[in-house]
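What follows is each chain in one-letter form.
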Amino acid sequence: MRPFCPHLAKLALGTAATVAVLEGASPAQLEAALFCGLLPEFISGGRGLPFWLQAEAAAHVQAEHPLPSSWRAISKQPRLEWRTIAGLSDDPAAVLSALDAAVAQADAGRALVVLSTWALADGRVAPRHAAPLDRPVLLIRGFEQPKTCVGILEVAGILRRALTGEVLTDAL
């Protein structure tokens, strides 16, 4: 019998980390914080820039929530492709199968990041039909991410550095 989501399972054997989210933030605020690396109160008024603009990378971004017009990115030849896949709570098996197929089709020579759905957005566990996660999970292929737990505000910096090639080492 073929395992469910074998390509995601293989990706999970690589670099993986749990993600600590901001308590009390709405799903739209969490997505914006993920993109900018800033607390929601610092994003309004155009102060925050998403990681793809900070990295000056050609990007094609399909977010779940509306983006400010200055953040929109629809490059025809992107270095970064971001897709937020909705509908997990409606039909988890179908969405996970589609994601598994997308991972299988992704160019093995390119970096790949999969971030799971928020575990406790708005105080509700998502998806409704699955066992609750303690925290979202970040899966990475193609670049170094040594920490096993990261804060949501760190993800934008990790992805910006992956796009720019900048290396950051923690002081000992």
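Look above for the structure.
Residues numbered from 1 in each chain as written. Predicted model: local features only at pLDDT ≥ 70, side-chain atom pairs only at ≥ 80, totals over all residues. Heavy atoms only, no water.

Participant: I would appreciate a short explanation of the pattern of salt bridges in the present structure.
Facilitator: When the charged atoms of two side chains with opposite charge come close together, those side chains can pair. Scanning the model with the defined rule gives 3 salt bridges in all. A salt bridge links E81 to R110; the shortest N-O distance between them is 3.7 Å. Placement of E81 in strand β3 (residues 80-83) and of R110 in the loop between α4 (92-105) and β4 (112-115) is noted, with a sequence separation of 29 residues between them. A relative accessible area of 54% means that E81 is categorised as exposed. (Salt bridge = Lys/Arg side-chain N within 4 Å of Asp/Glu carboxyl O. Helix = DSSP H or I, 4+ residues; strand = E, 2+ residues; numbered from the N terminus. Buried < 20%, exposed > 50% of the residue type's maximum accessible area, 1.4 Å probe, protein only.)

Participant: Could you clarify how one ought to interpret the packing of aromatic side chains in this entry?
Facilitator: Note on aromatic pairs: each is described by the distance of the centres and the angle between the planes. According to the stated counting rule, one finds 5 aromatic pairs in the structure shown. Ring plane angle 70 degrees and centroid distance 5.0 Å describe the contact between F35 and W52, whose orientation is recorded as edge-to-face. Placement of the pair is F35 in helix α2 (residues 27-36) and W52 in helix α3 (residues 51-54), with a sequence separation of 17 residues. Each member of the pair, F35 as well as W52, carries the same accessibility label: buried. Here a set of aromatic residues connected by ring pairs shows up, and it is made of F35, F51, W52 and W82. (Phe/Tyr/Trp six-rings, centres within 6.5 Å; stacked < 30°, edge-to-face > 60°.)

Participant: I'm lost on unusual backbone geometry in this one. Help?
Facilitator: It is generally the case that most residues other than glycine have a negative phi and that most peptide bonds are trans. Look at E56: it is not a glycine, yet its phi comes out positive at around 55 degrees. Tracing the chain through its elements places E56 in the loop between α3 and β2 (59-62). We classify E56 as exposed; its relative accessible area is 73%.

Participant: Please clarify how α2 should be interpreted in this entry.
Facilitator: Residues that lie three or four places apart on an α-helix share one face, since the helix turns once every 3.6 residues. Counting buried residues along α2, 7 of its 10 residues qualify, which places the element largely inside the surrounding structure. Among all positions of α2, only L30, E31, A32, A33, L34, F35 and C36 are buried. Looking at the buried side of α2, the elements it contacts are α3, β3, β4 and α5 (152-164). (Contact = heavy atoms within 4.5 Å.)

Participant: What is the right way to read the sheet that holds strand β5 (residues 137-141) from this model?
Facilitator: Strand pairs in the sheet, formed through backbone hydrogen bonds, run parallel or antiparallel to each other. In space, the 4 strands of this open sheet follow the order β4-β5-β1-β6, with mixed pairing throughout. The open sheet has two free edges, formed respectively by β4 and β6 (149-151), since each of these has just one partner strand. Direction aside, the axes of adjacent strands within the sheet are offset by 30 degrees on average. Bridge count between β4 and β5: 4 bridges; the pairing is antiparallel. Following the sheet pairing, V113 is matched in β5 by I140. Where α5 meets the sheet, its contacts fall on β1 (15-20), β4 and β6, and the angle it forms with β6 comes to roughly 95 degrees. (Pairing = 2+ DSSP bridges. Axes fitted to C-alpha atoms, helices over the stretch in contact; angles between N-to-C directions.)

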